[in-house]
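Observations on the three-dimensional arrangement
As a plain string of letters, each chain reads:
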Amino acid sequence: MNADDRIIDYMKERNRYAATAACAAAVQLFALAVYLCIYALIAGGVFYSLSEKGGKIFAATVCAVIAAGLVIFNICCVIKGKKVDITRPDSIAIRDSSEVVRLAYRTARPVLIYKITWWLVILSASPLVYIILVTAMDDQTLAPVYAKIIICIIAGFAVLFAYPCFDRIACYRALLNETHELYFDAHSFFAPRYILAAGTPTVICLWYLFRYYSERGDIAWIVLPLAVLLGSAISFLCGWTKQDLYRV
C-alpha cells in the first residue's frame, strides 16, 4: 500500500467516525428534547389519567430506558473510534503525500467553512427563538419548556452537520503537521472517552429528573459539577492504574 492509499484510508475511516460521533452528540440533544416533551405533555394534562406520582414514575421509566440505550450507543461509538487509530498514517506517508493533502485542503476549506458558518448563524439565532416563544405564548409555565425543546433540536442539527466539517479541517491540519494530533497516544484517552460516553446520557437524565420532578428543582444544577468531578477522578484513577501496571 503506497503513501496516498494510507492517507485516503485514514481520512475515510476518520470521516465515518466523525459522522458517527456527530450523530451521538446530536442524539443526546434530541433525547433531552424528548424528555422536555414528556414533561410538557404531563404538565399540560395530556396524560390526565395518571396521578402525580404515576406521571413521575412514567417519566423516570422512559428516561431511564432512553439513557440506557444512549449509553450502549455511545460506547459502541467509542469502540468504533479504535479503527481510526489503527489506520493512522506514519510520518513517512504524511511527508510523501503532503502536497496532495495541501491541495485537497485548499480546495475543501472554503466549502467546509461556509457550512460551519451557516450552522453557527442558525445556532446563534436560537436564543431569539427562545425570547419570541416566551414572550408570545400565554402559558408562561410551559413556554420556556417549548422554547428549550426547539433550541435542543436546532443545536442537535447544528452539531450533526457542523462537527464533521470541523473534524475534516482538523484532519487536514494534522496531516499537514500544523498540529500534533497524530502523535498523541490515543490509547491513553480511551478511559475518558468511555466515561464521557456512559456519563453524558446518565447525567442528562438525572439532571432532568431532579429539575422537573423533585421538590428542589432549583438545585438540580449541582448534578453537573458533581458528575464532572466524579468523572475526572475516575479518569485520573484509570490513567494512574494503567501507568502503575506498565511499571510492573
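Residues numbered from 1 in each chain as written. Predicted model: local features only at pLDDT ≥ 70, side-chain atom pairs only at ≥ 80, totals over all residues. Heavy atoms only, no water.

**Points about the pattern of salt bridges**
Our working definition: Between Lys or Arg on one side and Asp or Glu on the other, a salt bridge is scored when a side-chain nitrogen of the former is within 4 Å of a carboxyl oxygen of the latter. Every helix listed is a DSSP run of H or I at least four residues long, and every strand listed is a run of E at least two residues long, numbered separately from the N terminus. Type-normalised accessible area, obtained with a 1.4 Å probe on protein chains alone, sets the label of each residue: buried when under 20%, exposed when over 50%, and partly exposed for intermediate values.
By the definition in use, this model includes two salt bridges. Ionic pairing is found between Arg16 and Glu13, a salt bridge with its closest N-O pair at 3.3 Å. Remark: Glu13 and Arg16 occur in helix H1 (residues 3-43); sequence separation between them is three residues, near one turn of the helix. A salt bridge links Asp167 to Arg14, with the shortest nitrogen-to-oxygen separation between them at 3.0 Å. Here Asp167 is found in helix H6 (residues 143-175), whereas its partner Arg14 is found in helix H1, with 153 residues between them in sequence. A relative accessible area of 12% means that Asp167 is categorised as buried. Arg14 sits in the buried class, given a relative accessible area of 6%.

**Concerning the confidence of the model for the protein chain**
Spelled out, the test is: Confidence of the predictor at the level of single residues is given by pLDDT, which spans 0 to 100. By the convention used here, residues are in contact when the closest approach between their heavy atoms is within 4.5 Å.
Of all residues in the protein chain, 88% have pLDDT values of 70 or greater, and the mean over the chain is 83. The low-confidence segment residues 244-248, where pLDDT is below 50, has zero contacts with residues more than four positions distant or belonging to other chains.

**Focus on the environment of Ile149**
On the secondary structure map, Ile149 appears in helix H6. Between the alpha carbons of Ile149 and Leu36 there is a distance of 6.4 Å; along the sequence they are 113 residues apart. Excluding anything up to four places from it in sequence, Ile149 contacts Ala33, Leu36 and Cys37.

**Notes on the packing of aromatic side chains**
Inclusion rule: Working definition: rings of Phe, Tyr and Trp (its six-membered ring) pair if their centres are within 6.5 Å, and the pair is stacked with planes under 30 degrees apart, edge-to-face with planes over 60 apart, and tilted otherwise. To sit over a ring, a charge needs its Lys NZ or Arg CZ within 6 Å of the ring centre and within 35 degrees of the ring normal.
Taken as a whole, this structure holds 11 aromatic pairs when the rule is applied. Geometrically, the ring pair formed by Trp119 and Phe161 is stacked, given 5.2 Å between the ring centres and 10° between the ring planes. Separated by 42 residues along the polypeptide, Trp119 in helix H4 (residues 98-124) and Phe161 in helix H6 bring together distant segments of the chain. Relative accessible area serves as the criterion here: at 42%, Phe161 is assigned to the partly exposed category. Put simply, the rings of Tyr35, Tyr39, Trp207, Tyr208, Tyr212 and Tyr213 pair up and form one aromatic cluster. Directly above the ring of Tyr212 sits Arg211, whose terminal nitrogen or CZ lies 5.0 Å from the centroid.

**Considering H4**
As a reminder, the rule being used: Here the expected length of a helix is defined as 1.5 Å per residue gap, with one fewer gap than residues. Values of bend correspond, residue by residue, to the angle between axes fitted over the seven residues ending at that residue and the seven starting there.
Here H4 is 27 residues long and its end C-alpha atoms lie 36 Å apart, about the 39 Å a rise of 1.5 Å per residue gives. Ala108 marks where H4 bends most, by close to 35°; the proline Pro110 follows one to four residues later. Restricting attention to buried positions, one finds in H4 the residues Val101, Tyr105, Ala108, Leu112 and Ile116.

**Digging into the layout of surface pockets**
If a probe as big as a water molecule is rolled over the atoms, it shows which places are left empty. The line we're drawing: Using a grid of 1 Å spacing that covers the protein atoms alone, one calls a set of points a cavity when a 1.4 Å probe fits there but cannot get out, and a pocket when the set is open and has protein on both sides within 12 Å along at least five of seven lines; lining residues are those with an atom within 4 Å of a point. Grid points are joined across faces, edges and corners, and a volume is the space filled by probe spheres set on the points. Only Asp, Glu, Lys and Arg are considered charged in this grouping, and only Ala, Val, Leu, Ile, Met, Phe, Trp, Tyr, Cys and Pro are considered nonpolar; every other residue, Gly among them, is considered polar.
As a volume, the second largest pocket reaches approximately 340 Å³. Along the wall of the second largest pocket there are 15 residues; nearest its centre are Ile195, Gly199, Val203, Ala227 and Gly231. Listing elements by their share of the lining of the second largest pocket, those giving two or more residues are helix H7 (190-213) and helix H8 (223-247). Here the lining of the second largest pocket gets eight residues from one element, more than from any other, and that element is H8. Here the residues of the lining of the second largest pocket are counted per class, giving 10 nonpolar, five polar and no charged.

**Comments concerning the nonpolar core**
The condition that has to hold: Remark: nonpolar core denotes a set of buried residues (Ala, Val, Leu, Ile, Met, Phe, Trp, Tyr, Cys) joined through side-chain atoms within 4.5 Å.
One finds Tyr35, Leu36, Tyr39, Val145, Tyr208, Tyr212 and Tyr213 to be the most contacted residues of the largest nonpolar core, which totals 20 residues. Listing elements by their share of this core, those giving two or more residues are H1, helix H2 (52-86), H6 and H7. By residue number, the principal contributor to this core is H1, which donates eight residues. With near-sequence residues (within four places) excluded, Leu36 lies in contact with Val145, Lys148, Ile149, Cys152, Tyr208 and Tyr212.

**Focus: H7**
With 24 residues, H7 should reach 34 Å at 1.5 Å per residue; the first-to-last C-alpha distance of 34 Å fits that figure. Of all the bends in H7, the greatest reaches close to 30° and is centred on Gly199; the proline Pro201 follows between one and four positions later. The complete set of buried residues in H7 reads Phe190, Ala197, Pro201, Val203, Cys205, Tyr208, Tyr212 and Tyr213.

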